[in-house]
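Breakdown of the fold
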Amino acid sequence: MKTKKYDTIVIGCGGIGSGAVYWLSKRAGKRVLGLEQFTLGHHNGGSQDYSRIIRLAGYDDSMMPIAPDTYATWQEVERESGVQIITKTGGVYWTPDDAPPGSSDYMDESVEVMNEKGIPYRMLDAADFMQEFPQFKIKSHYKVMHQADTGLVDPSKGNAAHQQLAQGHGATILENCKVTEIRPISSTKTEVVTERGTFECEKLIVTAGAWVQQLADQLEIDLGLVVTREQVTYYRTPNLRDFMPDRFPVFMVPTPIGGIYGFPVHGEVATKVAIDFTGEPTTADGRNFEPDIAIEEYQEAWLKEHIPGFLGPKLYTKTCLYTLTKDRQFILDALPNHPNIFLCVGAGHAFKWASVFGRILSELALDGTTRYDLSALTLNRPAITDPNYDSIILNQIKARNGK
Ligand SMILES: Cc1cc2nc3c(=O)[nH]c(=O)nc-3n(C[C@H](O)[C@H](O)[C@H](O)COP(=O)(O)OP(=O)(O)OC[C@H]3O[C@@H](n4cnc5c(N)ncnc54)[C@H](O)[C@@H]3O)c2cc1C
């Protein structure tokens, strides 16, 4: 088969890759190819569901300058497609008495950054909070931070809109087309071998999620990633009206086993809850889809105490994958020995960033530069390069397993 040539190829059309194909296609149309090993919209990776949190609160100085563009880029996709992808619900956060050490620092730091950046938020005492949001039951001495821009971004709509608009701009997306080999030919040419033929490109973007190390091995790079199987649960609450997006905010609260977070009714006629980073380490191809009942029981006990009306018969629990760096910061960088190959890893909290990371990757591929300071996301940092890096992720897993 004749090798087909493209300016840019994107490996992996999940959340971030679909964003990259879209933003590339707006400028390079037919000269863009996206490759996906499964069917588009599959449930094997990290990006298929009805809701992910999008927020302005909770970032450090390195990410705050880019955070507003997580909204702006999705809003550009909404404008072009007419599809609503973001729903602002407001977001609430409090630090309970049994929160792990350092939780209040997180709140204090995000408040400090929001003050610095002039991002509006409200601090409510418990009585005012429960008056405004009677769904919640919290202790009278708690303080609650409310940020109005927090909400949900809908991956099922966002991914599809990115993919279909990209095809509308002339890009090609091949499904069920697994990349089996990456062959760097020169600093300006790479061959991409798939189960359905070989392609050639000047620039290559790798957004392979939990499978990324399989490809990085071929380029002799160890990213030191940890893949975990996480889960979310939908409950068929009978109190639907009280839990609709216009009345119920996204919540994020630290618990001794991880941050519990939840969403109003969206996608399913059900509320949704999950506890961050409670999943066991696994591999992208070796993972199972079995829910962890102990986590379900923990969240249900927490909800019974704090948001009793949220619950109802369980609709289902869905599992998906985190691809965690050892410092839980994103990776967005060119490979040290291959300046024409770019890599992006979402570290378990990147869906809200999928469109802006897509735009940044398109700017790096087409212009060789981007408007943002990405130094925090470099491959050249201890969490990636130092095998003895003191990793919060590995330490938490060890602690969880009593080591
Ligand atoms: C339970 C859960 C809750 C989350 N909550 C939030 C949240 O509230 N807010 C938020 O912002 N983020 C959240 N995230 C994180 C976010 O969903 C992920 O960081 C993001 O979706 C990862 O996108 P990705 O494109 O890197 O990975 P994926 O979407 O998994 O995409 C990788 C793609 O590459 C393909 N691929 C891999 N190897 C190959 C190959 N060799 N050839 C061809 N294709 C290949 C895969 O099939 C896949 O489609 C959550 C994640 C989980 C699991």
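Residues numbered from 1 in each chain as written. Predicted model: local features only at pLDDT ≥ 70, side-chain atom pairs only at ≥ 80, totals over all residues. Heavy atoms only, no water.

Time to look at the overall build of the chain. The number of helices and strands found in the chain is 10 helices and 20 strands. Its C-alpha atoms give the chain a radius of gyration of 21 Å, near enough to 22 Å, the size a compact globule of 403 residues would have. Expressed along its principal axes, the backbone C-alpha trace of the chain runs to roughly 70 × 50 × 45 Å. With 403 residues in all, the chain has 56% of them scored as buried. Put simply, 74% of the contacts in the chain that link residues at least 6 apart link residues at least 24 apart. Just so you have it, the chain exposes about 16,500 Å², and 51% of that area is on carbon and sulfur atoms. (Helix = DSSP H or I, 4+ residues; strand = E, 2+ residues; numbered from the N terminus. Rg over C-alpha atoms; globule rule 2.2 N^0.38 Å. Buried < 20%, exposed > 50% of the residue type's maximum accessible area, 1.4 Å probe, protein only. Contact = heavy atoms within 4.5 Å. Areas by Shrake-Rupley, 256 points an atom, 1.4 Å probe, with all protein chains shown as cover.)

Before going further, it helps to spend a moment on the pairing of strand E15 (residues 258-263). Within E15, 5 of the 6 residues are buried, which leaves the element mostly enclosed by the surrounding structure. Pairing of strand E14 (residues 250-255) with E15, which is carried by 5 bridges, proceeds in the antiparallel orientation. Looking across to E15, one finds that Thr255 is bridged to Gly258. Hairpin connection, E14 to E15: the antiparallel pair is bridged by 2 residues. (Pairing = 2+ DSSP bridges.)

Once the domains are mapped, the chain shows domain 1 (4-48 + 156-225 + 327-400) and domain 2 (87-152 + 226-324). On the domain 2 side, the residues contacting the 21 residues of domain 1 number 19 residues. When the area that domain 1 buries against domain 2 is broken down by residue, the three leading residues are Ala210, Leu225 and Arg400, summing to 30%. Across the domain 1-domain 2 interface, the total number found is 2 salt bridges. The salt bridge involving Arg328 is made with Asp276; its shortest N-O contact spans 2.8 Å. Tallying contributions element by element places helix H10 (residues 392-400) first for the side of domain 1 that touches domain 2, with 5 residues. (Domains from an automatic or database assignment. Buried area = accessible area lost by both parts, 1.4 Å probe. Salt bridge = Lys/Arg side-chain N within 4 Å of Asp/Glu carboxyl O.)

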